[in-house]
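Residue-level structure breakdown
Listed below are the residues making up each chain.
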Amino acid sequence: MSNVILAGGLDVAELVFYIFVLFFAALVFYLRREDRREGYPLEDSVTGRVDSAWGPLTSSTYKEFAMPGGGVVSTPTIGREPVQIAARRFARFGGAPYVPTGNPLADGVGPASYAKRTDKPDLDMEGRLRIVPMAADADYSIASRDPDPRGMAVVAADGKIVGPVSEVWVDRAERLIRYIEVDLAGKRTVLVPFNFAKLNRGRRTFTVDMLSADLFAGAPHIATAGTITRLEEEKLMAYFGGGALYGMPGREEPLV
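First things first, this report covers the structure right here in the doc. If you're wondering where the values come from, they're calculated on a predicted model, not measured in any experiment.

Structural notes on the packing of aromatic side chains
Each aromatic ring pair is summarised here by two numbers: the centre-to-centre distance and the angle between the ring planes. For the coordinates displayed, the defined rule picks out five aromatic pairs. Their ring planes at 70 degrees and their centres at 5.7 Å tell us that phenylalanine 216 and phenylalanine 240 sit as a pair that is edge-to-face. On the criterion of sequence distance, the pair formed by phenylalanine 216 in the loop between β13 (205–207) and α3 (230–241) and phenylalanine 240 in helix α3 is long-range, its members being 24 residues apart. Put simply, the rings of Phe216, Tyr239 and Phe240 touch in pairs and so form one group of aromatic residues.

As structure tokens, then:
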């Protein structure tokens with residue numbers, strides 16, 4: 001069976017092929033513009049000079065997105081965000097590491113860095129606060145076959161007791177424990193991410209080997225009792241996660 005000739009030597013098969021090639025090229029062009037919404041325009045890693053290769057053919061159009069909790073986010077970012085980093089470059093070359101100039105855990109440097117998420121609490125599908133103290137929701141309790149963390153002592157990386165667990169914070173969307181609230185000798189309480197706490201069933205204690213005992217008092221506060229925002233979660237996770245490098249003397253030194 002011969003192909004249907006549309007015009008000259010162009011048949012249906014060739015027409016479909018050309019349409020596919022044009023569609024695919026347009027799709028690649030669209031996607032390459034859209035993927036430049038975050039992290040662009042680029043800047044030089046040493047001088048900070050903004051890349052001049054920036055125009056309608058290489059960048060996406062300006063859009064605004066309405067956020068579920070209110071507010072508007074625009075992309076690409078207009079201008080450069082002012083960021084002050086408490087660190088200095090080790091050497092003047094691209095990719096050179098930064099050396100902290102202050103408290104790296106509090107300043108958010110290296111493994112203790114965090115993203116500036118919105119300073120609003122996360123919500124579940126029903127519009128309720130997603131992460132709350134267990135005492136705030138009567139529908140949640142510790143299973144009878146599991147040990148209750150409340151009252152257990154928390155031991156730091158240096159072997160010192162930080163204080164007892166006074167409350168448990170639960171994630172109502174994921175139905176699990178997110179934080180344990182530790183009482184620091186009655187002075188204040190601090191939220192410890194549950195994934196950094198190791199339960200010792202025999203001793204009925206929790207070991208948090210990311211920080212020494214004296215560093216717990218410097219953990220980020222939560223502004224509103226019984227509520228934690230996304231930004232506060234980021235800072236807490238960064239503070240305890242950064243302890244893997246900065247939490248004990250000698251951890252920054254080489255192994256050999």
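Following the structure, the description resumes.
Considerations on the pairing of strand β11 (residues 188–193)
Within a regular beta strand, the side chains point alternately toward one face of the sheet and then the other, so they alternate between its two faces. By the criterion of burial, β11 is predominantly enclosed, with five of the six residues buried. Here six bridges tie strand β10 (residues 176–184) to β11, and the two strands are oriented antiparallel to one another. Within β11, the position partnered with tyrosine 179 by the bridge is proline 193. If you look at the hairpin formed by β10 and β11, you'll find three residues sitting between the two strands, and alanine 185 has a positive phi there, around 55 degrees.

Some words on empty space enclosed by the protein
Under the counting rule described, the total for this entry stands at one cavity of 30 Å³ or more. By volume, the largest cavity is sized at about 30 Å³. Taken together, Pro121, Asp122, Leu129, Arg130, Ile131, Ile228 and Glu233 form the lining of the largest cavity. Classifying every residue of the lining of the largest cavity by side-chain character gives four nonpolar, no polar and three charged.

Thresholds applied
Residues numbered from 1 in each chain as written. Predicted model: local features only at pLDDT ≥ 70, side-chain atom pairs only at ≥ 80, totals over all residues. Heavy atoms only, no water. Phe/Tyr/Trp six-rings, centres within 6.5 Å; stacked < 30°, edge-to-face > 60°. Helix = DSSP H or I, 4+ residues; strand = E, 2+ residues; numbered from the N terminus. Buried < 20%, exposed > 50% of the residue type's maximum accessible area, 1.4 Å probe, protein only. Pairing = 2+ DSSP bridges. 1 Å grid on protein atoms, 1.4 Å probe; cavity = no way out; pocket = protein on both sides within 12 Å on 5 of 7 lines; lining within 4 Å. Points joined across faces, edges and corners; volume = space filled by probe spheres on them. Nonpolar A, V, L, I, M, F, W, Y, C, P; charged D, E, K, R; others polar.

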